[in-house]
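Examination of the molecular architecture
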Amino acid sequence: MGWDRSKCLNKIMIDLRSDTVTLPTRGMLEAIYRAKLGDDVLDEDPTIQKLEKKSADLAGKETSLLVPSGTMANLTAILAHCERGDEVILGDLAHTFLYEAGGISSLGGVHSCQLKNQKDGTILIEDIKNSIRKDNIHFPTSRLICLENTHNRCHGFPLQLDYLTSVKSIAVENNLKLHVDGARLFNAAISIGTSIKEICEPVDSVTFCLSKGLSAPIGSLVCGDQDFINKVKRLRKVLGGGMRQAGIIAAAGIEALDTMPDQLILDHKHAQILAQALFEIPGVTCDPDLVPTNIIYFSIREYSMGNKNFLAEMEKNGVKFFELSPNNYRLVTHSGISEKDVLEVIKIFSQLLS
Ligand SMILES: *Cc1c(COP(=O)(O)O)cnc(C)c1O
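Attention here is on the structure that accompanies the text.

Rules and cut-offs
- Residues numbered from 1 in each chain as written.
- Predicted model: local features only at pLDDT ≥ 70, side-chain atom pairs only at ≥ 80, totals over all residues.
- Heavy atoms only, no water.
- 1 Å grid on protein atoms, 1.4 Å probe; cavity = no way out; pocket = protein on both sides within 12 Å on 5 of 7 lines; lining within 4 Å.
- Points joined across faces, edges and corners; volume = space filled by probe spheres on them.
- Helix = DSSP H or I, 4+ residues; strand = E, 2+ residues; numbered from the N terminus.
- Core = buried A, V, L, I, M, F, W, Y, C linked by side-chain atoms within 4.5 Å.
- Buried < 20%, exposed > 50% of the residue type's maximum accessible area, 1.4 Å probe, protein only.
- Contact = heavy atoms within 4.5 Å.
- Expected span 1.5 Å × (residues − 1).
- Arc of directions from axis to C-beta.
- Pairing = 2+ DSSP bridges.
- Axes fitted to C-alpha atoms, helices over the stretch in contact; angles between N-to-C directions.

**Describing the layout of surface pockets**
Considering only enclosed or pocket space, the second largest pocket measures out at about 310 Å³ in volume. Surrounding the second largest pocket, 14 residues form its lining, A80, H81, K177, F228 and K231 being those nearest its centre. Of the residues forming the lining of the second largest pocket, the biggest block, three residues, is contributed by helix 10 (residues 226-238).

**So, the nonpolar core**
By size, the foremost hydrophobic cluster in this structure holds 46 residues, and its most contacted members are L147 and L210. No other element matches the six residues that helix 11 (residues 247-259) contributes to this core. In this structure, L210 is in contact with L51, L66, S215, A216, I218, G219, S220, L221, G253 and L257, ignoring residues within four places of it in sequence. I14, I296, F310 and V345 belong to the second largest nonpolar core, which has 27 residues in total.

**Notes on empty space enclosed by the protein**
Under the defined criterion, the tally for this structure stands at three cavities of 30 Å³ or more. Each pocket or cavity is described by its volume, and for the largest cavity that value is around 50 Å³. In this structure, the largest cavity is lined by G182, A183, R184, L185, F186, N187, F208, C209, K212, G213, L214 and L264. Contributions of two or more residues to the lining of the largest cavity are made by helix 8 (185-192) and strand 7 (205-209). Tallying contributions element by element places helix 8 first for the lining of the largest cavity, with three residues.

**Description of helix 7 (residues 161-173)**
Its 13 residues give helix 7 an end-to-end C-alpha distance of 18 Å, which sits within 8% of 18 Å, the value for a rise of 1.5 Å per residue. Looking at helix 7, one finds that the buried residues are Y163, L164, V167, I170 and A171. Looking straight down helix 7, one finds that the buried residues subtend no more than 120° of arc, so they occupy a single side. Of the exposed residues in helix 7, those oriented more than 90 degrees away from the buried face are D162, V172 and E173. On its buried face, helix 7 sits against helix 6 (125-131), strand 5 (141-148), strand 6 (177-182) and helix 9 (196-200). One or two positions beyond helix 7, positive phi appears at N175, with a value near 60°.

**Remarks on the side chain of N294**
Tracing the chain through its elements places N294 in the loop between strand 9 (284-285) and strand 10 (295-300). When its relative accessible area of 0% is taken as the criterion, N294 is described as buried. Residues contacting N294, with those up to four places away along its chain left out, are D19, R184, N187, D267, H268, A271, L331, V332 and T333.

**Side note on the sheet that holds strand 5**
Taken in spatial order, the seven strands of this open sheet run 2-8-7-6-5-3-4, and their pairing is mixed. Of all strands in the sheet, those with a lone pairing partner are strand 2 (63-67) and strand 4 (111-115), marking the two edges. Sheet twist, expressed as the mean angle between neighbouring strand axes with direction ignored, is 20°. With five bridges joining them, strand 3 (residues 86-91) and strand 4 adopt parallel strand pairing. Across the sheet, residue V88 finds its bridge partner in strand 4, namely S112. Across the sheet, helix 10 is in contact with strand 2, strand 7 and strand 8 (220-224); its angle to strand 2 comes to roughly 15°.

**Some points on unusual backbone geometry**
N149 connects to T150 through a cis peptide bond whose omega is -5°. Tracing the sequence through the fold places T150 in the loop between strand 5 and helix 7. Backbone geometry at D43 places phi at a positive 60°, although glycine is not the residue there. Accessibility expressed as a relative area gives 43% for D43, which makes it partly exposed. Located in the positive-phi region is H155, a residue other than glycine, with phi close to 65°. Residue position: H155 is located in the loop between strand 5 and helix 7.

Following this line, the structure appears as C-alpha cells:
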C-alpha cells in the first residue's frame, strides 16, 4: 500500500506556518519499523548510538547526544557551559531569548545579556566586545556567546564563515565558549555552499533539529566534546529527557540525515519563487534579497477586505501561515510544499490582494 503523507492531515492544506509541520517520509516509517532497539538510558540502543556517531562526525565534534527538542538542546547546552549567575551573550531576536520560555534563567539561573541582532542575524563584533564583563564583584561573569544559524527571526539568514571565525577569536581571547543554535544548520550550510563540518569548526558546541526541514518527527542533536556532552547527558536526565527505546526516533533521524538535505535546496528555491511573486504584488512589501533560505517575511497595506480577515480568507482558500504582528506575516517552505503548491499560493495571493 502506498504511503500518502497528505492522509495524515485532517484537511488538505498548504501549510506554510513552519517547517516543523513536515510529516515523516515513507522511508522514515520503514526505518522505524526495522530499527534495532535497546534501553538508551542504559546506553544500550544501537540505533541511537549510530545516529549520535553520525551526527558528531557530520559536525566534526568528538561526540553528540540526542534530545527530544531544539529547546532542550539549547537549554542543556547552555546549562552545561554556565554556572548559576553566569552571563550568556545572545541576540535580542534569538530563539533562545524569545521562544524557549526563559528556561535558561528559570531553570538554570543563567543571566542573559541581550545585544541587538542585525538584519542578517549577526550581532556586531563591537557590541560583543563591549558587553564582556570585567572581573568585578558587581558583575555577573561572562561565560558564553550564543549565535543562531540560520536565524529564524532575521529572515533565515545563514552566518558567514568569517563572521563565525571572528566571534570565535573574541571568545578565545576572553576565555568564553561559543555555542550555536543550529536548528536550521543544514539550510545554513546549503545557503553558503559549505559543509556542516566547516560551519561547526569555529564553535565549541552546536545543536541542530531533525524535526524542521529535515522532516523527521522528533529530535535534536547536541554536539561538542566529551566532557561537555557528559554534562549535557546529566542535564537531559534532570529534565526528564532520558528516553528508553528511543531508537525509533533515531531511526527516522538517520533516514532524515541520509535523504533530506537535498530537499532543502528545493525549499530555498520555492521560497525565492514566492518572494519574487509577492514583491510584484502591489501593496505587498517583500524583499527577495532578504530571503536567503526557506523563510519569507512580508507585510501588506490595509485593504478593503480588512487585514483582520486576511489570514481567515487565505485559510478558506486552503493556505495557512502565521501573522507575527499586525500586517506582518511569515511563510516557511518545506518538504510538504510542492512547486504546484507554490504556484497555487501565488494565484490565491494575487486574487485576494489585487
Ligand atoms: C525551532 C527552533 C528551536 C527549538 O526547537 P523545538 O524543537 O521547537 O524546541 C530552536 N532554535 C531555533 C532557531 C528554532 O527555529
